[in-house]
Amino acid sequence: MLLPNDAKKIINLLNQPPYKAYAVGGCVRDAIMGRKVSDYDITTSALPEQVEAILDANSIKYVETGIKHGTITAVINHKPYEITTFRTDGKYSDNRHPENVCFVTDISEDLSRRDFTVNAIAFNENEGYVDLFGGMQDIENRIIRAVGDADTRFKEDALRIMRALRFSSQLGFSVEENTKQAIFRNKELLKNIASERIYTELIKLLNGENCSEVISEYIEIIKVFIPEIISVDSASISLVPNKDYIRLALLLKDVSDMPKVLKRLKVSNDVFNKVNNLISYSGFEISNSISIKKLLNALGEDLFFDLIEYKKALCISQNIDITELENSAIKARNIIDNKEPYKISDLALNGFDLMSLGYKGKEISEALENLLDEVIANSEKNKKEILLSIAQRSISRTPQRLKGFDYSSNGVYFITVCTKDMRSILSRIEVGRDAPDAPQIILSEQGIIVDNELLKMNDIYDCIHIEKYVIMPNHIHLMLVISTPDSCDASRASHPTKSIVSTFIGTLKRFVNKEIGENIWQKSFYDHIIRDEEDYFNHLQYIDENPKKWAIGKDEYYC
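On a predicted model such as this, the values are computed, not experimentally measured, just so you know.

The rules behind the values
Residues numbered from 1 in each chain as written. Predicted model: local features only at pLDDT ≥ 70, side-chain atom pairs only at ≥ 80, totals over all residues. Heavy atoms only, no water. Helix = DSSP H or I, 4+ residues; strand = E, 2+ residues; numbered from the N terminus. Buried < 20%, exposed > 50% of the residue type's maximum accessible area, 1.4 Å probe, protein only. Contact = heavy atoms within 4.5 Å. Pairing = 2+ DSSP bridges. Core = buried A, V, L, I, M, F, W, Y, C linked by side-chain atoms within 4.5 Å. Patch = residues over 30% accessible without salt bridge, like charges linked within 9 Å, V, L, I, M, F, W, Y side chains within 5 Å. Areas by Shrake-Rupley, 256 points an atom, 1.4 Å probe, with all protein chains shown as cover. Salt bridge = Lys/Arg side-chain N within 4 Å of Asp/Glu carboxyl O. Lys, Arg positive; Asp, Glu negative; His and termini not counted. Charge placed at Lys NZ, Arg CZ, Asp CG, Glu CD. Phe/Tyr/Trp six-rings, centres within 6.5 Å; stacked < 30°, edge-to-face > 60°. Lys NZ or Arg CZ within 6 Å of the ring centre and 35° of its normal.

Some remarks on the overall build of the protein chain
Secondary structure summary: the protein chain contains 25 helices and 15 strands in total. The buried share of the protein chain, taken over its 559 residues, is 49%. Long-range pairs, those at least 24 residues apart, make up 66% of the contacts in the protein chain with a sequence separation of at least 6.

Notes on the pairing of strand β1 (residues 21–24)
Because side chains alternate across β1, one face comprises the buried residues A21 and A23, and the other comprises Y22 and V24, equally buried. In terms of strand pairing, β1 meets strand β8 (residues 121–124) through two bridges, oriented antiparallel. By the bridge assignment, V24 is partnered in β8 with A122.

Things to note about the nonpolar core
Ranked by internal contacts, the top residues of the largest apolar core, which has 105 residues, are I226, L248, L251 and L252. In this structure, L251 is in contact with L202, L206, I215, I226, I229, V232 and I237, ignoring residues within four places of it in sequence. Counting residues in each nonpolar core, the second largest holds 15 residues, with L349, Y359, I364 and A367 among its members.

Things to note about a negative patch on the surface
A grouping of E285, D321, E324 and E326 is seen on the molecular surface, where their side chains present a negatively charged patch. Turning to its location among the elements, E285 is positioned in the loop between α15 (269–280) and α16 (289–299).

Some remarks on the environment of V130
Inspection of the secondary structure puts V130 in strand β9 (residues 128–131). Take V130: its relative accessible area is 12%, and that puts it in the buried class. Discounting chain neighbours no more than four positions away, the residues touching V130 are Y22, I107, L111, A120, I121 and A122.

Focus on the packing of aromatic side chains
The description of two aromatic rings rests on the distance between their centres and on the angle between their planes. According to the stated counting rule, one finds seven aromatic pairs in the structure shown. Between F116 and F167 the ring centres are 6.1 Å apart and the planes differ by 85 degrees, which places this aromatic pair in the edge-to-face class. A residue pair is termed long-range when its members are at least 10 positions apart, and F116 in the loop between α4 (107–112) and β8 and F167 in helix α7 (residues 159–171) qualify at 51 residues. By relative accessible area, F167 is classed as buried at 2%. Seen from their ring centres, Y281 and F284 are 5.2 Å apart, and the 50 degrees between their planes marks the pair as tilted. Taking relative accessible area as the criterion, Y281 reaches 16% and is therefore assigned buried. Taken together, the aromatic side chains of F116, F154 and F167 make up a single cluster linked through ring pairs. Here the basic side chain of R166 rests over the ring of F167, its NZ or CZ set 4.6 Å away from the ring centre. Sitting over the ring of Y342, K343 keeps its end group 4.5 Å from the ring centre.

Details of the pattern of salt bridges
Enumeration according to the criterion identifies 30 salt bridges in this entry. The salt bridge partner of R87 is D89, with a shortest N-O separation of 2.9 Å. According to the relative accessible area criterion, R87 is buried, its value standing at 12%. By relative accessible area, D89 is classed as partly exposed at 21%. Two residues, R145 and E176, come together in a salt bridge whose shortest N-O distance is 4.0 Å. Here R145 is found in the loop between β10 (143–144) and α6 (150–156), whereas its partner E176 is found in the loop between β11 (174–175) and α8 (177–185), with 31 residues between them in sequence. One connected set of salt bridges, linked through shared partners, spans R87, D89, D110, R113 and R114.

The following block contains the structure:
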C-alpha cells in the first residue's frame, strides 16, 4: 500500500517504541481494491495526550475533534488526518453511540469493534497488512460481512445497517447471508437513528453504481424510514447521471406526500426544491418551442436538462422511445445558444417601464409574466414599443373594473372552497367574459377539474359572471360578479338574482363533494355577499393584508 508522504510521516512518528500506529479502515480497503483514496484514518496505541506531545514536538498542528473517544485531527498542508487511540467500546444504549470507551494497546481489540471485515484491516510499512477477520478475502470475493456477531454489530450502532447497504451499492459487493438476515431482523432499530444521518447514508447508497439492485433487494429496509413508499421503479435510478437529487426524485416519485418525507429527512432547501420540481414537472409535455421555453423559465437551464434525464430514465425503464426527449434537449440547447427570450430578464422592457404606465405593486410582476407569455409565443414581439403597447391596453381595461356596478340590486359574491391537499391547486386562474386574456397556466389535476366545471356553469347560469379566483395553497376564493336580471335571457328573467346564486352555489357544492371527494376537499363553504363598492374593496384589501389568515405555509397566494 502506497501511503502519501504526510500520512506516512504521521504513522512513522507514532510507530516508535513503545507505540504502534497504522492506517486503518476505508483507506486500506480502497487501496487494496485499487480505488482512489481521499481520506486517511490512523489508529495508534498512543494515548491522546501522548499523540499531542508527539505532534507538538514535530510542529504539526492538530485539533481535538473527538478527544472523549480518543480522536485528534492532525493537519498537514491543509489536509486533515484523523488519529484515534486503539479502543474498545462500552454499552450502546441508544443503538448509535457507546456510553464510554476504553483505550487499549492491542490492535486486535480495536479491529474487533469495527463494523465490517473489509473495514477492519490495518497497515503500516513495517508490518504490512494486519487482517484478523478475513477482510482481504472478503474484498476478493466481493462480500460485505459483519465483524463477529452481526446482530451485536447492528444493535451497537443501527446506522451500520444503512452502511452495509451503502457499501454494497458503492462497491458492488453482495451482503453475506448471515449479515443480511441480521439486517432484516434489526431493521426497526433504524427508527432510533437521526434522520439526517440516515439521509447521508441514503444519498451515498443512491449514488452507488449498484444502487438499483440494492434498492430492489432491500426496499423493506428503506420503508422503515420512508413508510410512504408503495412501489419503486429501481431500474430507472441507475439510468440517470450521478446527481443525488435526480435519483432521490426517482425514489420518491410515487410517494403521495413527498414534501413531508423530504422535510422529515431534513434535506437542504436546494435539494427540496429540485426534487419537488422534478416530480411536479415530470408530467409536462416537452415538445414544441413554447413548452420548452416555459420550462426553461420555470426550472432554469440546469434543472431543465436534469428533467430531460429524469424522464428519459423513466422511459427507458418502461421500454418507451426517448427520441422526442432527445430532440427536445437539442431544441432547448439551440434556444439557449441563439439567445431566444424565455425569462423576464430577456424582455425588452422592465418594471420601471411599466411603472411609467401606472402599474404598481404586484401588478408589475403579473404584467411582466403576461408579457413574457406573449414573447415566448412570438419572439418578434420582444420590442420595447410593442410590449409597451400591449401593457398599455391591458392596464386600461383592468383597474377598478367594478366601479359604477349596481351593488344594490346585484352584488359581488365571495365563496371559499377549502382543500386538505395543499398541492391540489397550484396556480392563478382568470376566467369570465370580461376578464383579460388569461396567460397559459399550469394547473393540478384537481385544478383542471374545477376550472372546467366553473366554465360550464358560467355558460349555464348566464346571470352570473365568474370574475376571477384568488388561489391559495389550501383555498379557492371565488369572486362571482352577478349580472342584472335584465341581462339574462328571457327564460330566466323572472328568476330573482339571489335565487340563481343559491342554485349556482348548491350545484358547485354538489359537484365538489361528488366529483373530487372528501379525501381531498373539505365539505365546508364560506360565502359573503357584498352590497357596496367600499365593502368590495375592503374585502380585497383584507385578503392582501392578511395572507397568513388565508394561506398555509410560505407559499404566496395569487389574486
